[in-house]
Amino acid sequence: MTSTTSMSAMSGGPGLPQERRVVTAIPGPKSQELHARKQAAVADGVGNVLPVYVKRAGGGIVEDVDGNALIDFGSGIAVTSVGNSAEAVVRRASAQLAEFTHTCFMVAPYEGYVAVAEELAKLTPGDHAKKSALFNSGAEAVENAVKIARAYTGRQAVVVFDHGYHGRTNLTMALTSKSMPYKHSFGPFAPEVYRVPVAYPYRWLTGPENCAEEAAAQAVDQISKQVGAGNVAAIIIEPLLGEGGFIEPAKGFLPRIAEFARENGIVFVADEIQSGFCRTGQWFASEDEGLVPDLITTAKGIAGGLPLAAVTGRAEIMDAAHAGGLGGTYGGNPVACAAALGAIETMRELDLNARARRIEEVMKPRLRKMAENHGLIGEVRGRGAMIAVELVEPGTTTPAPQQTAALAKACHQAGLLVLTTGTYGNVMRFLPPLVIGEDLLNEGLDILENALAELA
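Residues numbered from 1 in each chain as written. Predicted model: local features only at pLDDT ≥ 70, side-chain atom pairs only at ≥ 80, totals over all residues. Heavy atoms only, no water.

## Re the side chain of Glu 390
- Tracing the backbone through its elements, the reader meets Glu 390 in strand S12 (residues 386-391).
- Not counting residues within four places of it along the chain, the set of residues in contact with Glu 390 comprises Tyr 200, Tyr 202, Arg 203, Leu 376, Ile 377, Gly 378, Glu 379, Arg 381, Asn 426 and Val 427. (Helix = DSSP H or I, 4+ residues; strand = E, 2+ residues; numbered from the N terminus. Contact = heavy atoms within 4.5 Å.)

Here it is as structure tokens:
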């Protein structure tokens, strides 16, 4: 059960062969032993998609403690876009570790934080003056975006969308649409949060051709009547929805929502935590329809695997919060900032936007061919290296979560690490590292195709 493939020039994992290798059951005995220790020492609420315990990772491969090497179609949920051990990330982070690990930017600042903010000002959409604040996680970034918007507008209400996901803190759970596993039993949640429809073409009742116009009209109507536009501090949306099922809002929907926000003095926030940093074939998914958000939240792919997040936006909005109102002990940690500069260096040098577009060119035709042959696949969607298939009962649009779970398990057993998602638990998402070799990419698709055939 070994695949011999050549080492990719983009492997990002020195010394790690870029080949799938399955030598034990998945998970193997050493992983099972470690998992027993995990069950005894780690809270049950911290689950695992696949309890194989990792020894090394890089390029498109994750190697476990039993010697199995799995093809990685997950990237740690879109985090290791540049690979798990990209040379520039390791080099810059290691150099920073040798200098100092922490001073707290709010106490004694350092250049790395400023340099990351400067890069974000260059890379994010729009040519207006921009400023940033750095944090540890995506949820922190979203929560601070709300704080900034409220300070700027003097308003309280926040509008979010069906199928949206924004984090696991109390406020971001309120912003998140899906109950299980994110919200169930954890309430009460923060108030002044309002949810409106999103333009989900595959599931729009009157058909995809009417989706953008009708969904935007419904959203605007609900905001205007139920909340009052003059009470809304922020509208927050993922330009390509992640946990909700890799939903691409119908073309025209996002510009109409952004226009409504602009007309009513509402801060328009693009949550690009999963879709940012070359993942969709552009630096940010907002660029697809020319959106220029007032604020943009980032995390995940920003630092090559180290914890870092940011809110970047119009300088006058970012400056609305009083001195000392934004921050956190570890926010913008110097080692994480060094890693971010290394990740951005890698993205530029390897042109990972082009690489993401190439991944789409390879994946989508093959997935569409699978859809023609298997009624279980209702839709293929996504952009760049953020691709998904929605699984349904054949001949219907009824979600098929059990079959989705079975398909994922079959892929895991064959040495392909995949993730499921979606409000209905029926979407398989593909987030390969942008540095994955095409041989591994195609082999992963072979595994998926074989698993589909067996499931059928």
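## Some thoughts on the pairing of strand S7 (residues 232-237)
- The element S7 is extensively covered by neighbouring structure, given that six of its six residues are classed as buried.
- Between S7 and its parallel partner strand S8 (residues 267-271), the chain crosses via helix H8 (residues 253-263), and the hand of that crossover is right-handed. (Buried < 20%, exposed > 50% of the residue type's maximum accessible area, 1.4 Å probe, protein only. Right-handed = clockwise from strand over helix to strand, strands pointing away.)

## Overview of the sheet that holds strand S15 (residues 427-430)
- With respect to topology, four strands assemble into an open sheet ordered S11-S12-S15-S14, the strand pairing being antiparallel. Among the strands making up the open sheet, the edge pair consists of strand S11 (377-383) and strand S14 (419-421). This sheet shows a mean twist of 25° between the axes of neighbouring strands, independent of strand direction.
- Of the pairings in the sheet, the one linking S11 to S12 comprises six bridges and is antiparallel in character. Looking across to S12, one finds that Arg 381 is bridged to Ala 388.
- Its contacts with the sheet put helix H12 (residues 401-413) on S12, S14 and S15, and the angle it makes with S15 is roughly 35°. (Pairing = 2+ DSSP bridges. Axes fitted to C-alpha atoms, helices over the stretch in contact; angles between N-to-C directions.)

## Description of the nonpolar core
- Core analysis: the biggest nonpolar cluster contains 91 residues, and Phe 73, Ile 236, Phe 277, Leu 295, Leu 308, Leu 367 and Phe 430 have the highest contact counts within it.
- At nine residues, the largest contribution of residues to this core is made by helix H10 (residues 334-349).
- Among the nonpolar cores identified, the runner-up in size contains 34 residues, and Val 232, Ile 237, Phe 253 and Leu 254 belong to it. (Core = buried A, V, L, I, M, F, W, Y, C linked by side-chain atoms within 4.5 Å.)

## A short note on the environment of Pro 249
- For Pro 249, the position within the fold is in the loop between S7 and H8.
- Among the residues examined, Pro 249 registers a relative accessible area of 7% and is labelled buried.
- Residues Pro 249 and Cys 211, 38 residues apart in the sequence, show an inter-C-alpha distance of 8.6 Å.
- Discounting chain neighbours no more than four positions away, the residues touching Pro 249 are Val 198, Ala 199, Pro 239, Leu 240, Leu 241 and Leu 254.

## Thoughts on the packing of helix H4 (residues 111-123) against H10
- Look at H4 against H10: their axes get within 8 Å of each other, and the N-to-C directions meet at 35°. For H4 against H10, the interelement crossing comes out left-handed. Two secondary-structure elements touch here, H4 through Gly 112, Tyr 113, Ala 115, Val 116, Glu 119 and Leu 123 and H10 through Cys 337, Ala 340, Leu 341, Ile 344 and Arg 348.
- Looking at side-chain class alone, the contact of H4 with H10 contains eight nonpolar, one polar and two charged residues. (Left-handed = near helix turned anticlockwise from the far one by under 90°. Nonpolar A, V, L, I, M, F, W, Y, C, P; charged D, E, K, R; others polar.)

## A look at the pattern of salt bridges
- The full count for this structure, using the stated rule, is 26 salt bridges.
- Across the pair Arg 203 and Glu 390 runs a salt bridge, and its minimum N-O distance is 2.7 Å. Of this pair, Arg 203 sits in the loop between strand S6 (193-196) and helix H7 (211-227) while Glu 390 sits in strand S12, and the two are 187 residues apart along the sequence.
- Counted as one network, the salt bridges with shared partners bring together Glu 19, Arg 21, Arg 56 and Glu 63. (Salt bridge = Lys/Arg side-chain N within 4 Å of Asp/Glu carboxyl O.)

## As for the pairing of S12
- Among the six residues of S12, six are classified as buried, and the element is accordingly described as predominantly covered.
- Covered by surrounding structure in S12 are Met 386, Ala 388 and Glu 390 together with Ile 387, Val 389 and Leu 391, the residues of both alternating faces.
- From the end of S11 to the start of S12, which pair antiparallel, there are two residues, and Gly 384 there has a positive phi angle of about 60°.
- Judged from the four bridges that link them, S12 and S15 form a sheet pairing that is antiparallel. Each residue of the ladder has a partner; that of Ile 387, found in S15, is Phe 430.

## Some points on the sheet that holds S8
- Within the open sheet, the seven strands sit side by side as S4-S10-S9-S8-S7-S5-S6. Their pairing is mixed. Taken across any chain shown, the strands that pair with only one partner, and hence form the sheet edges, are strand S4 (130-135) and S6. Between one strand axis and the next, the sheet turns by 20° as a mean value, whatever way the strands run.
- Where strand S9 (residues 295-298) and strand S10 (residues 309-314) come together, four bridges link them in antiparallel fashion. The residue of S10 that forms the bridge with Leu 295 is Gly 313.
- Contacting S4, S9 and S10, H4 crosses the sheet at an angle of about 130° to S4.
- Taken strand by strand, H7 contacts strand S5 (157-161), S6 and S7, and its axis lies near 150° from that of S6.

## Considerations on the packing of H7 against H8
- Closest axis-to-axis distance for the H7/H8 pair is 9 Å, and the angle between their directions is 25°. With respect to H8, the axis of H7 lies roughly parallel. Here H7 runs over H8; the crossing is right-handed. Residues Ala 212, Ala 215, Ala 216, Ala 219, Val 220, Ile 223 and Ser 224 of H7 touch H8, and the partners they reach there are Phe 253, Arg 256, Ile 257 and Phe 260.
- Taken together, the residues of the contact of H7 with H8 sort by class into nine nonpolar, one polar and one charged. (Parallel < 35°, antiparallel > 145°, perpendicular 65-115°, else oblique.)

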